[in-house]
Amino acid sequence: MMEKIICYAIIFAAEAVTAWSYFEYLFTAKTKTLVQVVTFLIGYTILFGIFFADNLLLNALMTCVINAALARVNYRCAIKTAVLHGVFLEFAIVGTELLINLLIVWSGYDFSAYTYDLRVLIAMAVISKLLYLVVSLLAARIFKPHKHSNEEPRLMVLFCSLPLFSIAMAVRNIYLGLSSEMTRSAGIMMGLTTISLLIVNLLFLILYNHLQKANAEYVALRLSMQKEQA
């Protein structure tokens, strides 16, 4: 039971980081980074608690509400815009999870394996969150295509290749988990390896956003210095 709770906690942390990255790209921040961290932590802790009520409609509704509230509180955007993007993120979450479930059914394996096999649960969760990360990255660039337009194309190839590679590794783990018998220690190692794929992607996302922000500040500083010299 404790292993599942830890797994779900990491999943919600992944969703929080992905939503933060999405909003950070689209909107201009009006709060400091520490405030953003605290508000996202509070918001997704609430969602984590609601999740155990086992009510899909309530989970979906509250995810939309809290994401919209986080966007409105931390970024310069209208209420209507915040709500629309909150709804989009929920559709992205549900869509990626449904896609993974359909692929499991199509492959002919036991759809309910995640209910009794922690390795399969972890692998399926990691794949859906990595797909959610890729979808949110691409959607943010579609909704705001001109931001960082000079350096984005080359970096996005690298940025999207890491989650796609991680998805391939997680798919392999699902196949091994469903088709072979493993000792408990081997299963734990496989689960930790799969989770580490998600954590590495999230850390890379945070680093990427930090470098983008630092680069934007450097460019703005250079433009200001050039204006002063002129």
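Preceding this paragraph is the structure being described.
This one's a predicted model, so the numbers in the text were calculated from it and none came from an experiment. (Residues numbered from 1 in each chain as written. Predicted model: local features only at pLDDT ≥ 70, side-chain atom pairs only at ≥ 80, totals over all residues. Heavy atoms only, no water.)

Caption draft 1: Up close: the overall build of the chain. When helices and strands are counted, the chain shows seven helices and zero strands. The buried share among the 230 residues of the chain stands at 41%. Considering only contacts in the chain between residues 6 or more positions apart, those separated by 24 or more positions represent 79%. As displayed, the chain has an accessible area near 13100 Å², and 72% of this comes from carbon and sulfur atoms. (Helix = DSSP H or I, 4+ residues; strand = E, 2+ residues; numbered from the N terminus. Buried < 20%, exposed > 50% of the residue type's maximum accessible area, 1.4 Å probe, protein only. Contact = heavy atoms within 4.5 Å. Areas by Shrake-Rupley, 256 points an atom, 1.4 Å probe, with all protein chains shown as cover.)

Caption draft 2: Fine view of the packing of helix 2 (residues 33-51) against helix 3 (residues 56-74). Viewed as axis vectors pointing N to C, helix 2 and helix 3 meet at an angle of 170°, and their least axial separation amounts to 10 Å. Between helix 2 and helix 3, the crossing angle belongs to the class labelled roughly antiparallel. On helix 3, the residues touching Val35, Gln36, Thr39, Phe40, Gly43, Tyr44, Ile46, Leu47, Ile50 and Phe51 of helix 2 are Leu58, Asn59, Met62, Thr63, Ile66, Asn67, Leu70 and Asn74. Partitioned by chemical class, the residues of the contact of helix 2 with helix 3 number eleven nonpolar, seven polar and no charged. (Axes fitted to C-alpha atoms, helices over the stretch in contact; angles between N-to-C directions. Parallel < 35°, antiparallel > 145°, perpendicular 65-115°, else oblique. Nonpolar A, V, L, I, M, F, W, Y, C, P; charged D, E, K, R; others polar.)

Caption draft 3: Quick peek at the side chain of Asn74. Mapped onto the elements, Asn74 comes out in helix 3. For Asn74, the side chain forms a polar contact with the main-chain oxygen of Leu70, separated by 3.0 Å. Setting aside its immediate chain neighbours within four residues, Asn74 contacts Thr28, Ala29, Lys30, Thr31, Val35, Gln36, Thr39 and Phe40. (Polar contact = N/O pair within 3.5 Å; in protein donor to acceptor, adjacent residues only side chain to side chain.)

Caption draft 4: Seen up close, helix 3. For helix 3, which comprises 19 residues, the first-to-last C-alpha distance of 27 Å matches the rise-based estimate of 27 Å (1.5 Å per residue) to within 8%. Inspection of helix 3 places Asn59, Thr63, Cys64, Ile66, Asn67, Ala68, Leu70, Ala71 and Asn74 among the buried residues, and these make up the whole buried set. Structurally, the start of helix 3 carries an N-cap: the backbone nitrogen of Leu57 is 3.2 Å from a side-chain oxygen of Asn55. (Expected span 1.5 Å × (residues − 1).)

Caption draft 5: Summary view of helix 2. With 19 residues, helix 2 should reach 27 Å at 1.5 Å per residue; the first-to-last C-alpha distance of 27 Å fits that figure. Within the sequence span of helix 2, burial applies to Gln36, Thr39, Phe40, Gly43, Tyr44, Leu47 and Ile50. The buried residues of helix 2 occupy an angular sector of 115° when projected down its axis, which confines them to one face. The exposed residues of helix 2 that point more than 90 degrees off its buried face are Leu34 and Leu41. (Arc of directions from axis to C-beta.)

Caption draft 6: A look at the layout of surface pockets. Looking at the second largest pocket, its volume works out to about 510 Å³. Forming the walls of the second largest pocket are 21 residues, and the residues nearest its centre are Val17, Trp20, Val37, Phe40 and Ile206. At the level of secondary structure, the elements contributing two or more residues to the lining of the second largest pocket comprise helix 1 (2-26), helix 2 and helix 7 (184-229). When residues in the lining of the second largest pocket are grouped by element, the largest group, eight residues, is from helix 2. When the residues that make up the lining of the second largest pocket are grouped by side-chain class, the tally is 13 nonpolar, five polar and three charged. (1 Å grid on protein atoms, 1.4 Å probe; cavity = no way out; pocket = protein on both sides within 12 Å on 5 of 7 lines; lining within 4 Å. Points joined across faces, edges and corners; volume = space filled by probe spheres on them.)

Note that every value here comes from positions in space, so none of it alone points to a role or purpose.
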